[in-house]
Each structure stands twice: as C-alpha cells, then as structure tokens.
Amino acid sequence: MTGGSPGLLDRLRNPVVLLGILGLVVGVALVPVVWDVSTEPDGTVAVVEMHGTITGDTATKAMDDLREARHNDSIEAVTLDVNSGGGLASVSEQLYLAVKQTSQEMPVTVAVTGTAASGGYYMSVPADAIYVSPASTVGSVGVRAVVPSSATADNQITTGPDKALGATETEVRQRVETLRRAFVNTVVAERGDHLALSASELSYAKIYSGTRGVELGLADDIGGLDAAIDAAADRAEISDFRTVRMESPSPDALGQLGLSTEETIDDQVTVSSTQYLMVYGRLNALSAATETEVKTNGTN
Amino acid sequence: MARTNLLRGVGVFALLVVLIVGATAVTGTLLSGTSQSEPVSGPAYNAELIATGVDDDGDVATPTSDEQKTVVVDQSHGNAVSETALEPLLSVLVESGHDVRFYSGDDSGLGTGGLSSESSGLNGTLRSADAFIVANPASAYTTAEINGIEAFADAGGRLLMLADPISPSSSGQSQSLPLPIGTGSGTTTTPGQPTNLAARFGISFGSGYLFDMDENANNYQRVYANPTGEDPLTDGVDRLVVNDATPLTTDDEVTPVVQSEDVRLSSTRRAGTYAVTARTGDVVAVGNTEFLSPSSATVADNELFVSNLAQFLVAGDKETGVPKPSAPTTGIGGTITPPGSDTPPPTNGTTTPTNETGT
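Here is what the cut-offs are and how they apply
- Residues numbered from 1 in each chain as written.
- Chains lettered and ligands numbered in written order.
- Predicted model: local features only at pLDDT ≥ 70, side-chain atom pairs only at ≥ 80, totals over all residues.
- Heavy atoms only, no water.
- Helix = DSSP H or I, 4+ residues; strand = E, 2+ residues; numbered from the N terminus.
- Buried < 20%, exposed > 50% of the residue type's maximum accessible area, 1.4 Å probe, protein only.
- Contact = heavy atoms within 4.5 Å.
- Areas by Shrake-Rupley, 256 points an atom, 1.4 Å probe, with all protein chains shown as cover.
- Salt bridge = Lys/Arg side-chain N within 4 Å of Asp/Glu carboxyl O.
- Patch = residues over 30% accessible without salt bridge, like charges linked within 9 Å, V, L, I, M, F, W, Y side chains within 5 Å.
- Phe/Tyr/Trp six-rings, centres within 6.5 Å; stacked < 30°, edge-to-face > 60°.
- Lys NZ or Arg CZ within 6 Å of the ring centre and 35° of its normal.
- Core = buried A, V, L, I, M, F, W, Y, C linked by side-chain atoms within 4.5 Å.
- Buried area = accessible area lost by both parts, 1.4 Å probe.
- Polar contact = N/O pair within 3.5 Å; in protein donor to acceptor, adjacent residues only side chain to side chain.
- Nonpolar A, V, L, I, M, F, W, Y, C, P; charged D, E, K, R; others polar.

Novice: I would appreciate a short explanation of the overall build of chain B in the present structure.
Specialist: Regarding its fold elements, chain B presents seven helices and twelve strands. Expressed as a percentage of the 359 residues in chain B, the buried residues total 48%. Pairs at least 24 residues apart make up 75% of the contacts formed inside chain B by residues separated by at least 6 positions. For chain B, the accessible area works out to roughly 17000 Å², and carbon and sulfur atoms hold 53% of it.

This is the structure in structure tokens:
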C-alpha cells in the first residue's frame, strides 16, 4: 500500500492542486459579475420629452428630467423630443436655460417630432444639433402679450391705477419688445454662423418647414428621433448605450389648463392678468383686446 | 488577566470602527462630486435688451385765431372713431373758444331713412361750419355729400380726413354691416376709409399698415414719420410716431407732408417711402387716427403735429353759406333720392324702396 499512488486527500494536500481548485471556484463565481460588467452599455442617453403647450407644469417636469440627467452619472447624453408650439414666455426662458445648462455638461440633441415653434424653438436652440423632418416645423421667433380688459369694475377698489393690469399699454409694449430682443438675440447667438437669417428677418416670426429650416440654419439636419439619439451618443463617445425615456405629463390632464389667462380664486372671483406668451398660432377668445376689436368692427 | 484582555479587545474594536467609519467618510467626501453646476446665462441676456421708451412729454398747444370757428366732426357714416380718441385735438379747440359739433345724421332719426335726404342735412351743417373732420367712415359718402364737401373746401372750409388701415375682418363683414338708421348711406364700400370722398381730392388711402422691423417705437407697427419739407402742418416737427398707419397715394396736385422712409407695407411687404399725411389746399388727409388719442398725442413730436392740425382747422377763411342750398341732387322737387345711392333717382315719381339699412 505504501508504494501505491497517492490518494485524493494526499493530492489535495498539494498546495498547487488546492489553489488550482480554489481559483477555479472563484473564477466561476465571478463569471456573472464580469459578464455583466463586460456587456453593460457604456452609458445612457436620456430622451426628455417636451410635448404640448409650455406651461409651468409641463416645463417643470422637463426641467426636473434635465436636472436628473445632469446628476445621474450613468446618463451621458440627452436627446430632447420636442413637439410644442410654445407657451408662457417666462417658462420658455426657464426651459432654455435648463437645456443650456445641460448642454454645457453633456451632449444635447433635439429631435423635432412635430413642431418646435416659438417657446418650443427657444428651448431647442442651445442644443448641439437640431434634427427635423421635412414636415416638422420650426421658427415663430416672437412674443405677444395678452392684456385683459382695462375696465375696472365698479365693485373693485384698488390702491393704484396699475393694480389691475400691472402696467400701462406703453409699458407692456416696451416689455414685449424687451422679450423679443432677448428671444431673437438668443437665437442669433446660439445658432451663430449656421443662421442665414438676420435678426430683423427672424423678427417676422415666420414658421418654416423642416427642410427650409435646415436651409436657413434654424435646424441642422434631416433626421428622426433615432438620428438625434445616435448623434447624442456619438458626441458622448458611447457606442454601446441604452435609452431612457422621460415623458411629459399627460397632455390630457394639462390640455384644459393650457394658457388660460384666468385663474379661479373661488366660485365668485376669477382673476385675469396680463400674459406674456411665446406661442405660435392665432389666439382665440383669450384676449379682451380681441373682444374690443370685434366690438369696434361690429359698430363700424 | 482576563479583564485586561477584555479591555484590550474593546479598544481594538472601537479603534477599528473609528478607522473604518472615518476612512469611509473621507473617501466618500473625496470621491463625491459637487451637485452644483456652473451657473449658466443666456449669451444675449444683457442690459442692451431693455427697450427704452420714446419721449412722451409736451402738450398740445391751443390754436390761435381771431374769431370763433365751428369745427364739425362727422359721426353720420358709422365713423369708427370715438370722441375720446380725438380728445386731445378737440380739447384744444374747445379750450381756445371754438365751437366743436358732432354731426350724427339727420335729426329726424329713426324711420326716416327713405323719406329725407341726409345729404341736405350734412350740407346744411357744413354751411355754418368752418372745418370738417372725417375719420374712419364705415359707409361711403353720396355724390351729393361729396359735392357739398368739395364746395365747402373750395370755399375755404378746412377738411381733415383721417383713416386707419382696413382690417381683413372688417372688410369681410362689409356686406352685412348694420348701418346706423337714418344716415341713408347704404353703399358700404371699403368701410373705414373715406375712399370716394378722398378720391375727389386726388387722394387714396392704402390697404394694409406700415411696419418697420428695425427702427421703430418699440413695436413694428409703430413707425417713425418725418416731414417732407416746409409746411405749416409740420412746423417744429422732427419726428412723429404713428401706430398702424396706412399709406396715402396722391396725384400731382397733392403734396405729401409727412412720410415714413424705409418702411414696409403689410399688404405687399415692399419697402419704400410712404406718405402718411398729404395736403392739397384746404384739404388734409392723414393715414392714421391713433396719433390723436390721449396716449399717443404727446409721443415724440406728435403734440406739435396735433397742435398744427388744430391751427389748420381754425385758420381757414371760409365763405359763408357754402355749400349752397341748391347743391345738386338734394332730392328737392318731389323726387326722393334713395339714401346712399350714387345713381340718379328714378324719374317716374315712384319711391324706390330702401333696403340698404336692413330695416
């Protein structure tokens, strides 16, 4: 017996064999971890939606999404999915700043999936690239104010002549002009040499088709959402990525809120205030001024 | 001995806990980035954005005249201008002792649309007037009225015609426009502008408004206008601001007095120089009414222009008794002139039904 081959236990006493087995076990145990690490995407492209009218609610969600993208280490780039004809001027400016902030920290591209007009275009201009389709629309670089009826009701006592409207007509006009300059100059500055339109031509607030927008330098390329996502990933230098969609609030829930100039305080009292809007299209039945026009025409 | 070992064990335990927690805290602090981002601002957001207002000071001066004059403001043609809108002009006229009257049609009022000739009413009113203001009439003037007004102007009466651009919506409604009963003017061509009256004097009001995208008074429709030369109407005036102005086209006998340069016309989008005020003798036409309103009458040099217009209205030397009662087609002699008709009345003695007013 003593002259026979060593038994299994004897072999295990050999440190080489023991360590070999131990290494095999550890290696197999680590396979899933290493597999996960090796097959994990290089990063994430966040697709942030801005659909519908730009109101405080829709924009807050989009700005939160952008902030999340900036602070989340796994998100390397952002693509904005824009389909909006604009909305409130102040909120549009906030969105513009949020997009600009994001574009300073990571690549941001825009896919115009319908309309990026007025405030919707304002928020798009800081992006590194704007993708449009031939039928999508961009432009409408302009501002408007909706002033409620100036007449103060007999049953109201105010402490000053401007308490109801907040400003005289001249002052409102001045403010609208200031907002126009901010908007137009921003587009000129952000689009830079791409832009073939002068500030004065932009101020016409025309709306352009996607192809014409590319020609005029309001957009960069024809392409859909996937093209915009790929471009964002390219700029972030990630070839293997996943996307995370951050959706706008349901338009149904907010559609009714829209851009109402009237706020209900209780059953008896509603408040109308001057609204500064960056929105494309003709406003109907919002403006007391419009009502006045109708009345004037009717008595012509 | 056991007690010493226990204490030593506790000490080692505490030391390890402190070391591990401390190392974790330090490592975490070092590795965690800041959640603050570099502040961002728009490249175009600077103080240059703030729009400055156009100077708005001065007062409309009262006109000087040796005698009291009568200024009649037409309100009989559905004139789309309120007394408030003309207040700065009318106030100085009243303040300087002149008589301001509003002619709102024949006093016979309701139900007389087909039975009285309003033209004789207007001409009768003009007979005792020295100046006549026509602003944004919705309905056309009849031939009789135009003849009367022309005779009035030829006799030294001062005529001021004002009109704004016709908005597409109002022109679209012209067919169904309810006319004030009793005015008798049923031909509702181009509401808002005294087209056929102005044409008699070689003046045509344009369509569309003037705009300037580059140099304006804080809005593209508020354009600057300058005097074309020496004229009492523009004494002291350097620059006017007109909002929503329509251009005037004139014949050779009419002199443009105020014009806007390098502006565009909304209907054609063509750039050019457009006359905003024109004058021929005792007749002045202005393609704007808003400059007379309280909020605009003192902007830029508008107050000087309004003052000069007030002076123009009371500086005439009109013959008395013109237009004469025998002015043509006044309906005297048994035939009834259909109100608003520019065509001769039927000669068979029958009354032509009137249906223009929709009554």
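Novice: Can you help me understand the pattern of salt bridges in this one?
Specialist: If the charged atoms of two oppositely charged side chains come close together, the side chains can form a pair. Residues and elements named next belong to chain A. Enumeration according to the criterion identifies 14 salt bridges over all chains in this entry. Between Glu190 and Lys100 there is a salt bridge, and its shortest N-O distance comes to 3.2 Å. In this pair, Glu190 sits in helix 6 (residues 169-191) while Lys100 sits in helix 4 (residues 89-105), placing the two residues 90 residues apart along the sequence. Residue classification places Lys100 among the buried positions, given a relative accessible area of 12%. For Glu215, the salt bridge identified is with Arg212, shortest N-O distance 2.6 Å. Separated by three residues within a single helix, Glu215 and Arg212 lie in helix 8 (residues 210-216), roughly one turn from each other. According to the relative accessible area criterion, Glu215 is exposed, its value standing at 58%.

Novice: How should a nonpolar patch on the surface be read in this particular structure?
Specialist: All names here are of chain A. Judged by side-chain polarity, Leu8, Leu9, Leu12, Val16, Val17, Leu18, Ile21 and Val25 come together as a nonpolar surface patch covering roughly 750 Å² of accessible area. Going through the elements one at a time, helix 1 (8-13) and helix 2 (15-39) are the ones with two or more residues in the nonpolar patch. Top element by residues in the nonpolar patch is helix 2. It accounts for five residues. As for its placement among the helices and strands, Val17 is situated in helix 2.

Novice: What am I meant to see in the packing of aromatic side chains here?
Specialist: Any two aromatic rings considered together are summarised by their centre-to-centre distance and by the angle between their planes. Per the stated rule, a full pass over the model turns up eight aromatic pairs over all chains. Pairing Tyr122 of chain A with Phe183 of chain A gives two aromatic rings, centres 4.3 Å apart and planes at 10°, and the pair type is stacked. A residue pair is termed long-range when its members are at least 10 positions apart, and Tyr122 of chain A in helix 5 (residues 119-122) and Phe183 of chain A in helix 6 qualify at 61 residues. In this pair, the class of Tyr122 of chain A matches that of Phe183 of chain A, namely buried. Clustering of aromatic rings is evident, with ring pairs tying together Tyr96, Tyr122 and Phe183 of chain A together with Tyr45 of chain B. When the ring centre of Tyr276 of chain A is taken as origin, the NZ or CZ atom of Arg175 of chain A, which lies over that ring, is 3.9 Å away.

Novice: How should the nonpolar core be read in this particular structure?
Specialist: The nonpolar side chains of soluble globular proteins are, as a tendency, buried together. Counting 58 residues, the largest nonpolar core has Leu80, Val187 and Leu218 of chain A as its most contacted members. If near-sequence neighbours (up to four positions away) are discounted, Leu80 of chain A is found in contact with Val48, Leu66, Val99, Val108, Thr109, Val110, Ala111 and Met123 of chain A. Counting residues in hydrophobic clusters, the runner-up holds 42 residues, among them Val81, Val257, Val284 and Val314 of chain B.

Novice: Is there a simple way to explain the interface of chain B and chain A in this structure?
Specialist: A common way to state how big an interface is: give the accessible area lost once the parts meet. Contacts between chain B and chain A engage 33 residues on the former and 28 residues on the latter. When the buried surface of chain B facing chain A is broken down by residue, Val40, Tyr45 and Met213 of chain B rank first, second and third, together holding 24% of it. Inspection of the region where chain B meets chain A yields zero salt bridges. Inspection of the region where chain B meets chain A yields six residue pairs in polar contact (both at pLDDT 80 or more). Along the lines of polarity and charge, the residues of the side of chain B that touches chain A split into 14 nonpolar, 13 polar and six charged.

Novice: So what exactly am I meant to see when it comes to helix 2 (residues 87-95) of chain B here?
Specialist: One full turn of an α-helix is made of 3.6 residues, so residues set three or four places apart face in the same direction. Residues and elements named next belong to chain B. Residues of helix 2 that are buried: Pro88, Leu89, Leu90, Val92 and Leu93. Elements in contact with the buried residues of helix 2: strand 1 (70-74), strand 2 (99-103), strand 3 (131-135), strand 4 (158-162) and helix 7 (302-314). Two residues or fewer past helix 2, Gly97 is found with a positive phi of approximately 90°.

Remember that the coordinates give geometry; whether it matters functionally is a separate question.
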